[in-house]
Amino acid sequence: MTIAYQNALHPAQPLAAFINTALAERVQWFELFFDRLRPADLTAADRQALGVDLASAGLGLSVHAPLLDYRRSENREIMQEVAACSQRLGAAFLVVHLPEIEASSRFFREELAAVFPALKLSVENARHPDGHYSTGFELIECFKQHGSWLGGCTFDSGHARLAGGKPETAKQVCPAAAMLGQILAAGLPLCSLHIHDNKGDQDNHLPVGCGDIDFSGIAAALRRHGLSVPMVIEHWDGREESRKQLEGL
Ligand SMILES: [Zn+2]
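Predicted, not measured: the structure shown is a model, and the values here were computed from it.

Participant: So what's going on with the overall build of the chain? Residues and values would help.
Facilitator: In terms of helices and strands, the chain carries nine helices and eight strands. Relative to the 2.2 N^0.38 estimate, which gives 18 Å for 249 residues, the radius of gyration of the chain is 17 Å and therefore close to what a compact globule would have. By its C-alpha atoms, the chain is 50 × 40 × 35 Å across when sized along the principal axes. Taken across its 249 residues, the chain has 41% of its residues classed as buried. A fraction of 78% describes how many contacts in the chain between residues 6 or more apart in sequence connect residues 24 or more apart.

The following block contains the structure:
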């Protein structure tokens, strides 16, 4: 099992501290989330840690793009900086949310995928039932249309729970493990998982076991397809507990 840490949900902590913790706790992967942090904010020490230190410790690296509306030109500029930085750091893939794909797919296809050919874009499922690509069906449709320039997908367990947990919405009801099974059965290339738990009411990023997500069903779906992709723990407090639970699946 490839366990990964991410520098999210703890804005007071400097990036170097996250990386040092990942190295000290011997995870196998690190995901750099450009949330409030921007590529221009990275110090020389951060770049050294993200490049040389992670690589020499054998840790893989992925990058998570900021959640922005890419119809705005200033946000497209930020995204280009993030893509350039990801490519420079040799990140395995760049996780993106694709709001309004019809309005922004040209930007992603022509100004990112074409300009940064070494970059693999991984689309993440949204958390709102009425958001974009929040169900397996929508992700499969997305790949039918845009699979030629999209590199893969990132399955977020907590988002899948929230999107599938409200049967009164028009979207199909789809528990998290079933949704993962559905997209793998359709042959979608899976880059990574985002791991956090909830009870279907709030996106509160709980440790594994503190909500009602069927993580053993998720692990079984991965095993069925022979996959060992990075499992990015998307919370900081309680990360050891999540790790123990995941390693026991
Ligand atoms: Zn996520």
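Participant: Can you explain the nonpolar core? Please cite residues and give values.
Facilitator: In terms of nonpolar packing, the biggest core is built from 64 residues, with Ala4, Phe30, Ala65, Leu94, Leu121 and Leu180 touching the most fellow members. Once you skip the residues sitting within four places of it in the chain, Phe30 turns out to touch Ala4, Tyr5, Ile19, Ala22, Leu54, Leu59 and Leu61.

Participant: Break down the pairing of strand β1 (residues 2-6) for me, with residues and values.
Facilitator: The element β1 is largely enclosed, with a buried count of four among its five residues. Pairing analysis gives four bridges linking β1 to strand β8 (residues 230-233), with the strands arranged parallel. Paired with Thr2 across the bridge in β8 is Pro230.

Participant: A description of helix α9 (residues 239-247) should follow, citing residues and the corresponding values.
Facilitator: Buried within α9 are the following residues: Arg239, Ser242 and Arg243. Buried positions in α9, seen along its axis, are confined to an arc of 100 degrees and lie on one side of it. Exposed residues lying more than 90 degrees from the buried face of α9 are Glu240 and Lys244.

Participant: Please give an account of the packing of helix α5 (residues 136-146) against helix α7 (residues 176-185) that cites residues and values.
Facilitator: One way to put it is that α5 packs onto α7 with a least axis distance of 9 Å and a crossing angle of 25 degrees. Taken as axis vectors, α5 and α7 run roughly parallel relative to one another. The way α5 lies across α7 gives a crossing that is right-handed. On α7, the residues that touch Gly136, Leu139 and Ile140 of α5 are Met179, Gln182 and Ile183. Here the contact of α5 with α7 is composed, by residue class, of four nonpolar, two polar and no charged.

Participant: Run through the pairing of strand β6 (residues 152-156), naming residues and quoting values.
Facilitator: Across the five residues that make up β6, a large majority, four, are buried. Relative to β6, strand β5 (residues 121-124) runs parallel, the two sharing three bridges. Paired with Glu124 across the strands is Thr154, a residue of β6. A crossover connection joins β5 to the parallel β6 through α5; in handedness this β-α-β unit is right-handed. Where β6 lies against strand β7 (residues 190-195), four bridges are found, and the strand directions are parallel. Opposite Thr154, over in β7, you have Ser192 as the bridge partner.

Participant: Can you lay out the sheet that holds β7 for me, pointing to particular residues and giving the numbers?
Facilitator: Pairing is parallel in the closed barrel, where eight strands are placed in the order β1-β2-β3-β4-β5-β6-β7-β8. Averaged over neighbouring strand pairs, the angle between their axes works out to 30 degrees when direction is ignored. Sheet topology places β1 next to strand β2 (residues 29-33); three bridges connect them, and they run parallel. Along β2, the bridge assignment pairs Tyr5 with Phe30.

Participant: Now, about α5: what can you tell me, with residues and values included?
Facilitator: Listing the buried residues of α5 in full gives Gly136, Leu139, Cys142 and Phe143. Considered in projection along α5, the buried side chains sweep an arc of 120 degrees and stay on one side of the axis. In α5, the exposed residues that point more than 90 degrees away from the buried face are Lys144 and Gln145. Buried positions along α5 lie against α4 (101-113), β5, β6 and α7.

Participant: Residues and numbers for the environment of Gly158, please.
Facilitator: The topology assignment puts Gly158 in helix α6 (residues 157-164). Along the backbone, Gly158 and Arg127 are 31 residues apart, and their C-alpha atoms lie at a distance of 7.4 Å. Contacts of Gly158, omitting those with residues within four sequence positions, involve Arg127, His196, Asp197, Asn198, Asp203 and His205.

Participant: Give me the confidence of the model for the chain: which residues, what numbers.
Facilitator: For the chain, per-residue confidence averages 89 on the pLDDT scale, and residues scoring 70 or more make up 94% of the total. Within the chain, no element has a lower average pLDDT than α4, which sits at 83, and none a higher one than β7, at 98. Ignoring residues within four places in sequence, the model shows residues 166-173, a span with pLDDT below 50, making 11 contacts including any to other chains.

Each value, and the rule that gives it
Residues numbered from 1 in each chain as written. Predicted model: local features only at pLDDT ≥ 70, side-chain atom pairs only at ≥ 80, totals over all residues. Helix = DSSP H or I, 4+ residues; strand = E, 2+ residues; numbered from the N terminus. Rg over C-alpha atoms; globule rule 2.2 N^0.38 Å. Buried ≥ 20, exposed ≤ 12 C-beta atoms within 10 Å, placed from the backbone. Contact = placed C-beta atoms within 7 Å. Core = buried A, V, L, I, M, F, W, Y, C linked by C-beta atoms within 7 Å. Pairing = 2+ DSSP bridges. Arc of directions from axis to C-beta. Axes fitted to C-alpha atoms, helices over the stretch in contact; angles between N-to-C directions. Parallel < 35°, antiparallel > 145°, perpendicular 65-115°, else oblique. Left-handed = near helix turned anticlockwise from the far one by under 90°. Nonpolar A, V, L, I, M, F, W, Y, C, P; charged D, E, K, R; others polar. Right-handed = clockwise from strand over helix to strand, strands pointing away. pLDDT = per-residue confidence, 0-100.

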